[in-house]
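Observations on the three-dimensional arrangement
This is what each chain is made of:
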Amino acid sequence: MGCFMYSMNAQASPSGQPPPAGSDVYRDLMTYMAWMSDGIPTGERLPGALYPKVPKPEGGYDLERGRVVYQQNCALCHGSDGQGTRNGAGDVRFPPLWGPQSYNWGAGMARINTAASFIKANMPFGKPYSLSDQDAWDVAAYLNSHERPKDPRQTGTVAEAAEAFHAGEDSFYGKTLNGHLLGTGAELSPQ
Ligand code: HEC
């Protein structure tokens, strides 16, 4: 349910909600996962599972360097405007990384440290571990310095949600960048 809410930004789905508790969707997903793990030993870490944490570089990160890493290594698939690409049928081919169709502010990926580790181990797609730790942090910060859909837990102000849900994390949530308060949300315009 959390994945539907945050990573998949269920707010943008027709119902605006994750499938309700008890929905067949969860039973079917669990069945699929159980089927995929047939014959796999339980309680053992398999090669390729999860990804190592990439520590924050001593000098922190830099958005301008991140922009350059992005344009050189990521824009080809995710678009120079970060909006991803779709196939002829309109299905997502390469996911948007910011803006109204991306993961929202409540997703783990919106944290710079989480995105840096994911990126280092998985991106550019097909070239894992090709970026330096510094590049991974710079590009993760660059992605996550853009507006994206609201944190679904936000009921009051962004400042209140920053305090309640984002305290102490490496993220741009609730920070002002180029005169814009991040966290206010990028929503799809009504059709
Ligand atoms: C060759 C195409 C390609 C390139 C180049 C590429 N990506 Fe990706 N990216 C993908 C695909 C495909 C996925 C979806 C993977 C999946 O769902 O398993 C993805 C997923 C992601 C996600 C997860 C998005 C989400 O909603 O969870 C992030 C973040 C990301 N890429 C960042 C990057 C960054 C940063 C770079 C450059 C360093 C990069 N990608 C380069 C193809 C690419």
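Note that the structure is a prediction, hence the values are computed from the model and not measured. (Residues numbered from 1 in each chain as written. Predicted model: local features only at pLDDT ≥ 70, side-chain atom pairs only at ≥ 80, totals over all residues. Heavy atoms only, no water.)

Observations regarding the domain arrangement of the protein chain
- Segmenting the protein chain into domains produces domain 1 (1–33) and domain 2 (51–191).
- Across the contact, 6 residues belong to domain 1 and 12 residues belong to domain 2.
- Contact with domain 2 buries surface across domain 1, with Tyr6, Asn9 and Gln11 losing the most and accounting together for 73% of the total.
- Counting across the interface, domain 1 meets domain 2 through 0 salt bridges.
- The tally of links between domain 1 and domain 2 comes to 4 residue pairs in polar contact (both at pLDDT 80 or more).
- By residue class, the composition of the side of domain 1 that touches domain 2 is 3 nonpolar, 3 polar and no charged. (Domains from an automatic or database assignment. Contact = heavy atoms within 4.5 Å. Buried area = accessible area lost by both parts, 1.4 Å probe. Salt bridge = Lys/Arg side-chain N within 4 Å of Asp/Glu carboxyl O. Polar contact = N/O pair within 3.5 Å; in protein donor to acceptor, adjacent residues only side chain to side chain. Nonpolar A, V, L, I, M, F, W, Y, C, P; charged D, E, K, R; others polar.)

Side note on unusual backbone geometry
- Geometrically, the link from Met123 to Pro124 is a cis peptide bond, its omega value of -10 degrees lying close to zero.
- Tracing the sequence through the fold places Pro124 in the loop between helix H5 (112–122) and helix H6 (133–143).
- For Leu50, which is not a glycine, the phi torsion comes out positive at approximately 50 degrees.
- Structurally, Leu50 can be placed in the loop between helix H2 (24–36) and helix H3 (63–73).
- Even without being glycine, Tyr129 reaches a positive phi, approximately 60 degrees.
- Topologically, Tyr129 is positioned in the loop between H5 and H6. (Helix = DSSP H or I, 4+ residues; strand = E, 2+ residues; numbered from the N terminus.)

Side note on the site of the ligand
- Close to the ligand lie 17 residues; Asn73, Cys74, Cys77, His78 and Met123 are nearest.
- Side-chain polar atom of His78 to a nitrogen atom of the ligand: 2.8 Å apart, as the coordinates give it.
- Counting atoms within 2 Å of the grid points, the majority share of the ligand lands in the largest pocket.
- Of the residues in the shell around the ligand, the class split is 15 nonpolar, 2 polar and no charged. (Near = heavy atom within 4 Å. 1 Å grid on protein atoms, 1.4 Å probe; cavity = no way out; pocket = protein on both sides within 12 Å on 5 of 7 lines; lining within 4 Å. Sits in = over half its atoms within 2 Å of the grid points.)

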